Amino acid sequence: MILTREKLASMIDYALVKPSYTMADIEEATRKVCENRIGVLCVLPAMVSYTSELLRGSGAKVCSVVSFPFGASSTRSKVFEAEQAVEEGASEVDMVMNVPLFKSRLYDRVKSDISAVVKAAKRRGLDLGRDVIVKVIIETGYLTAEEIALASRIVEEAGGDYVKTCTGFGPRGATVEDVEIMKRAVKKAKIKAAGGISTFEKALDFIRAGATRIGTSHALEILRGWRPVEV
């Protein structure tokens, strides 16, 4: 398959999740999303309602982060945050796995935490007539290869639609090896690579490794570097 520019744009989750981003930055980002037909604009919870209004009717989706960037909130807090994001217009939710519980080997609690958010977000979406996608960030920089595989399986078993590599605030960004491990570990869940992906060539490496979404704050740089290639 040839990777067209349109296809690449549809695979990008354009991330504006730094605390320094302003409403003006969101306005500019929504214009770029519409001009370039970028698939998703990912923002902080406080920006979801405004972003949804700006993108209404454009075809682009709004994604909200949940328990970002540490994932250590209570399940109840995560559920509330996810439901509120969907109510305010988000069609996608990127939640952070509870890394402290995972590193404590409390895997059942990690799974139930993810499952609760997935069920709540999707149920609220159905109430509003909207399909909601839930992506789970496992923060690969804190994990061994074996833990990356295990976390990926837990996400899939809990109902997550995507396993995502990193928040961009962890000890390191995504690696191709991370994605390859994740891809081997899951059967149905898809892969989102994020964390340090700033050029077309880097994005291409992750797509070829098995990622179907690219999370980045460098969407325009990646698209400017696009060339038609086989994937």
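Conventions adopted
Residues numbered from 1 in each chain as written. Predicted model: local features only at pLDDT ≥ 70, side-chain atom pairs only at ≥ 80, totals over all residues. Heavy atoms only, no water. Axes fitted to C-alpha atoms, helices over the stretch in contact; angles between N-to-C directions. Helix = DSSP H or I, 4+ residues; strand = E, 2+ residues; numbered from the N terminus. Parallel < 35°, antiparallel > 145°, perpendicular 65-115°, else oblique. Left-handed = near helix turned anticlockwise from the far one by under 90°. Contact = heavy atoms within 4.5 Å. Nonpolar A, V, L, I, M, F, W, Y, C, P; charged D, E, K, R; others polar. Expected span 1.5 Å × (residues − 1). Pairing = 2+ DSSP bridges.

Visitor: Mind laying out the packing of helix α6 (residues 107-127) against helix α7 (residues 145-157), listing which residues take part and the relevant values?
Guide: As a packed pair, α6 and α7 sit with axes 9 Å apart at the nearest point and diverge in direction by 45 degrees. Put simply, α6 runs oblique to α7. α6 and α7 meet at a crossing whose hand is right-handed. Of the residues in α7, those touching α6 at Tyr-107, Val-110, Lys-111 and Ile-114 are Leu-150, Ile-154, Val-155 and Glu-157. Grouping the constituent residues of the contact of α6 with α7 by class yields six nonpolar, no polar and two charged.

Visitor: Could you give an account of the environment of Gly-168, naming the residues involved and the relevant values?
Guide: With respect to the helices and strands, the residue Gly-168 is situated in the loop between β7 (162-164) and α8 (176-185). Taking C-alpha positions, Gly-168 is 18 Å from Ser-73, a pair spaced 95 residues apart along the chain.

Visitor: Give a detailed account of α6, specifying residues and quantitative values.
Guide: Over its 21 residues, α6 extends 30 Å from the first C-alpha to the last, a length consistent with the 30 Å expected when each residue adds 1.5 Å. In this structure, the buried residues of α6 make contact with α4 (75-87), β5 (92-96), α5 (99-103), β6 (133-137) and α7. Just past α6, the residue Gly-129 takes up positive phi, approximately 75 degrees.

Visitor: Explain the environment of Ala-120 residue by residue, including any values.
Guide: Within the secondary structure, Ala-120 is located in helix α6. As a C-alpha pair, Ala-120 and Glu-83 span 37 residues in sequence and 6.4 Å in three-dimensional space. Excluding residues that lie within four positions of it along the chain, Ala-120 makes contacts with Val-79 and Glu-83.

Visitor: Lay out the sheet that holds strand β8 (residues 190-194) with the relevant residues and their values.
Guide: With parallel pairing, eight strands are arranged side by side around a closed barrel as β2-β3-β4-β5-β6-β7-β8-β9. This sheet shows a mean twist of 25 degrees between the axes of neighbouring strands, independent of strand direction. In the sheet, β5 pairs with β6 via five bridges, with the strands oriented parallel. Residue pairing for β6: Val-93 is matched across the bridge by Val-134. Contacts between α4 and the sheet are confined to β4 (61-66) and β5, with β4 contributing the most and set at about 165 degrees to the helix.

Visitor: Report on the side chain of Ser-64, specifying residues and quantitative values.
Guide: Looking at the element boundaries, Ser-64 is found in strand β4. Residues contacting Ser-64, with those up to four places away along its chain left out, are Val-43, Leu-44, Pro-45, Val-48, Ala-85, Ala-90, Glu-92, Val-93 and Asp-94.

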